[in-house]
Amino acid sequence: MRVLVTGATGNLGRSAVTRLIEEGHQVSVLTRRPFQAADLFGAGVSVHEWHPLSEAVPAEALDSVDAVLHLMGAPLCGSQSRDAAKDVVASRIYSARGLAEALKRRQVRLVATSIAIAPAEAGPPVTEDLLPANATSSLERDIRSYEAELEAATGDGLSVAIVRLGLVAMRGGPLAALMALARRGLCPNLKGALIPAIAREDAVAMLAVRLPHRPLEGLIHGVAAVAGDGEALLAALRPHPPGGRFIAVPISLLRRRLGLAAALLSCHRQVVPQRLQAAGAAFAAPDPMPAFVDALTEIADARTGAPAPFRAAENGKGDTAPEPEAT
């Protein structure tokens, strides 16, 4: 396949491009950082510059494309400004609008990431067929506005899958922010939290291998079969530093530090990947918690200078929230 990737210089985007190349696909990228992308991927990947706030998608980027993997967006916790959450959603709305317009009436498969959230109050599991009828927060209203931009483009040959991605277990992004807080003796109160989460390996396989080829359309929960246990995540953070003071504080007090990742950490209902399971998807890590422990260990080892098993190309910030990270 010929696959166009947006947000390719982000943590998750780099892994997705690598996986697509390994699968034998011809990959091109659409990015705000063309020189960085060219350095990262080399001559084997075509690079096209695009600034969605000010210009249309360049026509040459869409020549003979079979699928588009849309990961572009501001990092979930990259900014500590008061308007950071709105910036994260706005960056996705503008890019989604531009892509939807460019892909009209094309025989193309579009796979785009959104953010998996569930009500903070305890209750029954949330599946794609049992989503709350009304948005319960301004954040959810914003996310639905973003998804509506993509859903409106479905049809006339364009197939759209919107993946509500959970917290991705990988170095950087929200986990790095959590570790930084833990080193200061702080952590969000995650008692009873059921975090929509997924191992990086499963997130990449879903986005780069499974969904571009499958006819699944509409909303899809990109989460592991087992919810991330908030108290287990706290336990994984607690030893850093060993013996140090550790205070759990309300998530509301840490929103400036955690950005939209705070919404993922606040969930108290399980988000179930019903549509993936019905399609026969197998998860390498049905329970994502061991992957979170490994990622946190990598972050701690990197700070102390110990070797960590990750590719240098996956370090740093890029066009997308690691997502999820996410969204």
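Residues numbered from 1 in each chain as written. Predicted model: local features only at pLDDT ≥ 70, side-chain atom pairs only at ≥ 80, totals over all residues. Heavy atoms only, no water.

Student: In this structure, what is going on with the sheet that holds strand 5 (residues 109-115)? I would like to understand it.
Tutor: Hydrogen bonding along the main chain pairs the strands of a sheet, whether they run parallel or antiparallel. The sheet built from seven strands is open, its strands ordered 3-2-1-4-5-6-11 with parallel pairing. Of all strands in the sheet, those bounded by a partner on one side alone are strand 3 (46-49) and strand 11 (218-222). Each strand axis lies, on average, 20° off the axis of its neighbour in the sheet, ignoring direction. Packing against the sheet, helix 4 (residues 138-151) makes contact with strand 4 (67-70), strand 5, strand 6 (159-165) and strand 11, and its axis sits at approximately 175° to strand 5. (Pairing = 2+ DSSP bridges. Helix = DSSP H or I, 4+ residues; strand = E, 2+ residues; numbered from the N terminus. Axes fitted to C-alpha atoms, helices over the stretch in contact; angles between N-to-C directions. Contact = heavy atoms within 4.5 Å.)

Student: Which parts of the structure should I look at to understand the pattern of salt bridges?
Tutor: Here the idea is simple: oppositely charged side chains can pair when their charged atoms come close. Tallied over the entire structure, the rule returns four salt bridges. Of the charged contacts in the structure, one is a salt bridge between arginine 97 and glutamate 149, with a shortest N-O distance of 2.7 Å. A residue pair is termed long-range when its members are at least 10 positions apart, and arginine 97 in helix 3 (residues 84-102) and glutamate 149 in helix 4 qualify at 52 residues. Two residues, arginine 164 and glutamate 147, come together in a salt bridge whose shortest N-O distance is 2.8 Å. (Salt bridge = Lys/Arg side-chain N within 4 Å of Asp/Glu carboxyl O.)

Student: When you look at the environment of leucine 186 in this model, what are you seeing that I'm missing?
Tutor: Looking at the secondary structure, you find leucine 186 in strand 8 (residues 186-188). Looking at leucine 186, the relative accessible area reads 23%, which means it is partly exposed. Spatially, the C-alpha atoms of leucine 186 and leucine 237 are 9.8 Å apart, while their sequence positions differ by 51 residues. With sequence-adjacent residues up to four places away left out, leucine 186 is seen in contact with Leu181, Phe246, Ile247 and Val249. (Buried < 20%, exposed > 50% of the residue type's maximum accessible area, 1.4 Å probe, protein only.)

Student: How do you make sense of helix 4 when you look at a structure like this?
Tutor: Three- or four-residue spacings in an α-helix give side chains the same orientation, since the helix completes a turn every 3.6 residues. Counted at 1.5 Å a residue, the expected span for helix 4 with its 14 residues is 20 Å, and the 20 Å between its end C-alpha atoms agrees. Those residues of helix 4 lying buried are Leu139, Glu140, Ile143, Tyr146, Glu147 and Leu150. Looking straight down helix 4, one finds its buried side chains confined to an arc of 120°; they lie on one side. (Expected span 1.5 Å × (residues − 1). Arc of directions from axis to C-beta.)

Student: Explain the environment of arginine 171 to me, please; I cannot follow it from the model alone.
Tutor: Along the chain, arginine 171 falls in the loop between strand 7 (167-169) and helix 5 (173-183). Overall, arginine 171 belongs to the buried group, its relative accessible area being 17%. For the pair arginine 171 and arginine 200, spaced 29 residues apart in the sequence, the C-alpha separation amounts to 9.4 Å.

Student: Even after reading the chapter, I still don't get the pairing of strand 1 (residues 2-6), so can you show me in this structure?
Tutor: For a regular strand, side chains alternate in direction, first toward one face of the sheet and then toward the other. Summarising burial for strand 1: four of the five residues are buried, a large majority. Alignment of strand 1 against strand 2 (residues 26-31), held across five bridges, turns out to be parallel. Counted as the bridge partner of valine 3 is valine 27 from strand 2. What joins strand 1 to strand 2 is helix 1 (residues 11-22), and the crossover it makes is right-handed. (Right-handed = clockwise from strand over helix to strand, strands pointing away.)

Student: Help me out: how do you make sense of the confidence of the model for the protein in this one?
Tutor: Note: predicted coordinates in regions of low pLDDT should not be interpreted at a detailed level. Chain-level statistics for the protein give a pLDDT mean of 83 and a share of 86% at 70 or above. Element-level pLDDT for the protein is lowest in helix 3, with a mean of 79, against a maximum mean of 96 in strand 10 (residues 197-199). This model gives residues 306-327 a pLDDT under 50, and the stretch forms 89 contacts once residues within four places in sequence are excluded. (pLDDT = per-residue confidence, 0-100.)

Student: Help me understand unusual backbone geometry in this model?
Tutor: Backbone geometry follows two general trends: most residues other than glycine have a negative phi, and most peptide bonds adopt the trans configuration. The phi dihedral of serine 64 is positive, around 60°, even though this residue is not glycine. Here serine 64 is to be found in the loop between strand 3 and strand 4. In the Ramachandran plot, arginine 105 falls in the positive-phi region, its phi being about 60° despite a non-glycine side chain. By secondary structure assignment, the location of arginine 105 is in the loop between helix 3 and strand 5.

Student: Looking at this structure, how should I read the packing of helix 1 against helix 6 (residues 200-210)?
Tutor: Helices that pack against each other are described as a pair by the angle of their axes relative to one another and the distance between those axes. Two elements in contact, helix 1 and helix 6, have axes whose closest approach is 9 Å; the angle formed by their N-to-C orientations is 60°. When the interaxial angle is binned, helix 1 and helix 6 end up oblique. When the axes of helix 1 and helix 6 are compared, the crossing they make is right-handed. Contacts between helix 1 and helix 6 involve Leu12, Ser15, Ala16, Arg19 and Leu20 from the first element and Arg200, Ala203, Val204, Ala205, Leu207, Ala208 and Val209 from the second. (Parallel < 35°, antiparallel > 145°, perpendicular 65-115°, else oblique. Left-handed = near helix turned anticlockwise from the far one by under 90°.)

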